[in-house]
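Report on the structure
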Amino acid sequence: MSSITIIGGGLAGCEAAYQLSKRGCEVSLYEMRPNLLTPAHKTGMLAEIVCSNSLGSENINERITASGILKEELELSDSLILSCAKESRVPAGGALAVDREKFSGLVTQRIESCANIHIIREEYTHLPEELAIISSGPLTSDSLAEAMKEIAGERIYFYDAVAPVIMRESIDMSKVFVSGRYGRGDDYINCPMNKEEYLRFHDALVHAERNLPHDFERDKYFEGCMPVEAIAERGTNTLRFGPMKPRGLIDPKTNREPYAAVQLRQDNFYGTIYNLVGFQTGLKLPEQKRVFSMIPGLENAEFVRLGVMHRNTSVNAPAVLDEWLRLKERKNIFLAGQITGVEGYMESTAMGLAAGINASMILEGKDLISWPRDSAVGSLIHYLMTTEPSHFQPMNINLGLFPELVNVRGKKERAKIHRDIAIESLKAFLNAL
Ligand SMILES: Cc1cc2nc3c(=O)[nH]c(=O)nc-3n(C[C@H](O)[C@H](O)[C@H](O)COP(=O)(O)OP(=O)(O)OC[C@H]3O[C@@H](n4cnc5c(N)ncnc54)[C@H](O)[C@@H]3O)c2cc1C
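Now for a description of the structure that goes with this document. (Residues numbered from 1 in each chain as written. Predicted model: local features only at pLDDT ≥ 70, side-chain atom pairs only at ≥ 80, totals over all residues. Heavy atoms only, no water.)

**Observations concerning the overall build of the chain**
- Across its full length, the chain holds twelve helices and 17 strands.
- Considering only C-alpha atoms, the chain reaches an extent of 65 × 50 × 45 Å along its principal axes.
- Looking at the chain residue by residue over its 433 residues, the buried ones come to 57%.
- Considering only contacts in the chain between residues 6 or more positions apart, those separated by 24 or more positions represent 69%.
- When the 48 basic and 56 acidic side-chain charges of the chain are each reduced to a single mean position, those positions are 5 Å apart. (Helix = DSSP H or I, 4+ residues; strand = E, 2+ residues; numbered from the N terminus. Buried < 20%, exposed > 50% of the residue type's maximum accessible area, 1.4 Å probe, protein only. Contact = heavy atoms within 4.5 Å. Lys, Arg positive; Asp, Glu negative; His and termini not counted. Charge placed at Lys NZ, Arg CZ, Asp CG, Glu CD.)

**Remarks on the site of the ligand**
- In the vicinity of the ligand, 34 residues are found, and the nearest of them are Glu31, Arg33, Cys51, Ser141 and Gln338.
- Interatomic distance of 3.1 Å between a backbone N/O atom of Leu11 and an oxygen atom of the ligand.
- Measuring from an oxygen atom of the ligand, one finds a side-chain N or O atom of Glu31 at 2.6 Å.
- In the complex, the protein chains occlude 95% of the 970 Å² of accessible area that the ligand would expose alone.
- Elements with a contribution of two residues or more to the shell around the ligand: α1 (11–22) and α10 (345–363).
- Looking at side-chain class alone, the shell around the ligand contains 14 nonpolar, 16 polar and four charged residues. (Near = heavy atom within 4 Å. Polar contact = N/O pair within 3.5 Å; in protein donor to acceptor, adjacent residues only side chain to side chain. Areas by Shrake-Rupley, 256 points an atom, 1.4 Å probe, with all protein chains shown as cover. Nonpolar A, V, L, I, M, F, W, Y, C, P; charged D, E, K, R; others polar.)

**Description of the sheet that holds strand β3 (residues 54–57)**
- As summarised here, the arrangement of the three strands in space is β3-β5-β4, forming an open sheet in which the pairing is antiparallel. This sheet does not close on itself; its edge strands, each paired only once, are β3 and β4 (89–90).
- By the bridge criterion, two bridges tie β4 to strand β5 (residues 95–98) in an arrangement that is antiparallel. Looking at the pairing, Arg89 lines up with Val98 of β5. (Pairing = 2+ DSSP bridges.)

**A look at the sheet that holds strand β16 (residues 326–327)**
- Taken together, six strands build an open sheet; the order of strands is β6-β2-β1-β7-β17-β16 and the sheet is mixed. Of all the strands in the sheet, just β6 (117–120) and β16 have a single pairing partner and so form its edges.
- As paired strands, strand β2 (residues 26–30) and β6 are joined by four bridges and run parallel to one another. Directly across from Val27, in β6, lies its bridge partner Ile117.
- Each of β1 (3–7), β7 (132–134), β16 and β17 (330–335) is contacted by helix α5 (residues 142–152), which is oriented at about 135° to β17, the strand it contacts most.
- Strand contacts of α10: β1, β7, β16 and β17, with the helix running at about 145° to β17, the strand carrying the most contacts. (Axes fitted to C-alpha atoms, helices over the stretch in contact; angles between N-to-C directions.)

**Re the nonpolar core**
- If you look at the biggest cluster of nonpolar residues, it comprises 88 residues, and the most contacted ones within it are Phe103, Ile111, Ile133 and Trp371.
- Examining the composition of this core, we find that eleven residues originate from one element, α10, more than from any other.
- With sequence-adjacent residues up to four places away left out, Ile111 is seen in contact with Cys14, Ala17, Tyr18, Leu29, Leu46, Leu80, Ile117 and Ile119.
- Ile166, Ile171, Cys191 and Ala301 belong to the second largest nonpolar core, which has 33 residues in total. (Core = buried A, V, L, I, M, F, W, Y, C linked by side-chain atoms within 4.5 Å.)

**Observations regarding unusual backbone geometry**
- The omega angle of the peptide bond from Arg33 to Pro34 is 0°, so this bond is cis rather than trans.
- You can see Pro34 is positioned in the loop between β2 and β3.
- Even without being a glycine, Ala47 presents a positive backbone phi close to 50°.
- For Ala47, the location among the structural elements is in the loop between β2 and β3.
- Phi at Asn255 takes a positive value of approximately 60°, unusual for a residue other than glycine.
- Position of Asn255 among the secondary structure elements: in the loop between α7 (228–233) and β12 (260–266).

As structure tokens, this is what we get:
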């Protein structure tokens with residue numbers, strides 16, 4: 001075999017294509033947009049990100065997180081997606097957030113400039129017979145998803161929801177305050193609520209009209225991306241311990257924490273649009289405007305994008321994938337990205353990196369390689385391989401996936417040790433490559 005087909009030019013597909021290209025392989029990259037859009041993608045750009053513009057936290061000095069470790073590993077591995085994200089970053093405290101247009105523009109440009117990547121703007125509708133990577137994402141087109149049923153067996157469906165985005169100039173700045181939590185930076189606009197305002201808002205949210213019935217596949221929401229109305233429905237105070245948590249936010253007007261607060265985070269490079277952090281929603285569109293305009297400061301907010309609900313497609317990884325992310329029943333097909341059963345932008349990218357490098361091994365006639373178990377990428381793959389299939393749930397990177405450490409107390413200390421081991425292991429692995 002001398003070339004490979006990649007289906008889906010999202011985060012994972014572009015990462016895989018880049019890794020293959022730089023190893024001298026010929027790639028045919030199929031992307032169905034802009035001819036056929038998904039319910040969430042709006043453009044024809046490669047690696048379009050469709051919801052939050054945050055790619056999660058970064059390791060800064062002593063503040064080590066699993067998401068930060070994963071980013072360090074991607075950087076060491078020369079990840080295209082991470083480098084474009086860093087070039088298009090916008091301020092977001094300890095997180096890596098991007099100007100989404102600049103980010104996808106950069107990825108598109110870099111992929112288009114690789115002479116050995118041929119971009120084909122078509123929907124791929126069947127199972128490939130040739131060496132291929134399927135990275136068609138959570139919104140895989142219906143015909144390909146149908147074809148995959150044949151070999152992927154039970155697919156998992158669950159539902160995610162996107163948060164609305166508003167124009168900054170439409171925020172009434174006299175009612176809000178700018179500050180990070182615990183005074184860290186000034187990357188967030190906070191909309192404070194008193195108890196009365198909160199209870200009124202909560203009631204409106206719970207009773208607002210939804211696109212889907214209240215009990216519709218409730219257990220199929222992914223906990224990390226639960227619609228705000230579904231969180232509210234769990235109890236009067238659940239929002240105050242979730243997306244409306246006031247902890248560490250001191251309102252300069254009262255010098256106290258408010259009863260509850262909605263946080264807005266910059267969504268583009270110029271700081272002209274902001275998203276409602278944690279407010280992914282499946283409410284009917286006019287209802288979103290009505291209810292979210294009750295938030296102090298957002299009475300006249302101009303919504304540039306409203307939230308939507310979407311189906312999420314991914315396989316039951318431990319049942320159908322081998323340790324190199326190939327389908328057990330069709331060894332010529334790798335999966336990459338969210339469809340493997342990981343969740344999140346960086347996690348999907350990492351699965352693109354792993355599948356891309358291993359596919360290049362096949363093209364070069366070399367043995368497949370296994371990622372070090374104690375790295376973040378290796379820990380994600382380990383999770384995909386070893387979870388009991390009947391309990392399998394899509395997963396973000398977290399410290400719980402790393403190998404257990406004995407006799408280490410304290411989260412900070414554990415995170416630091418995991419980080420040091422992971423980075424050392426990955427460096428050795430990359431050197432051996
Ligand atoms: C609405 C929504 C909101 C989300 N919110 C977040 C969030 O806030 N934070 C987060 O970390 N993650 C979020 N995710 C998950 C996010 O999509 C993934 O983390 C990441 O984009 C997945 O990367 P991927 O490369 O696997 O898929 P994608 O980035 O979706 O790329 C898949 C690509 O394949 C193309 N495609 C599909 N079928 C075909 C076909 N048959 N032929 C050719 N091309 C095809 C699509 O057009 C798309 O470009 C969200 C997902 C969705 C759908």
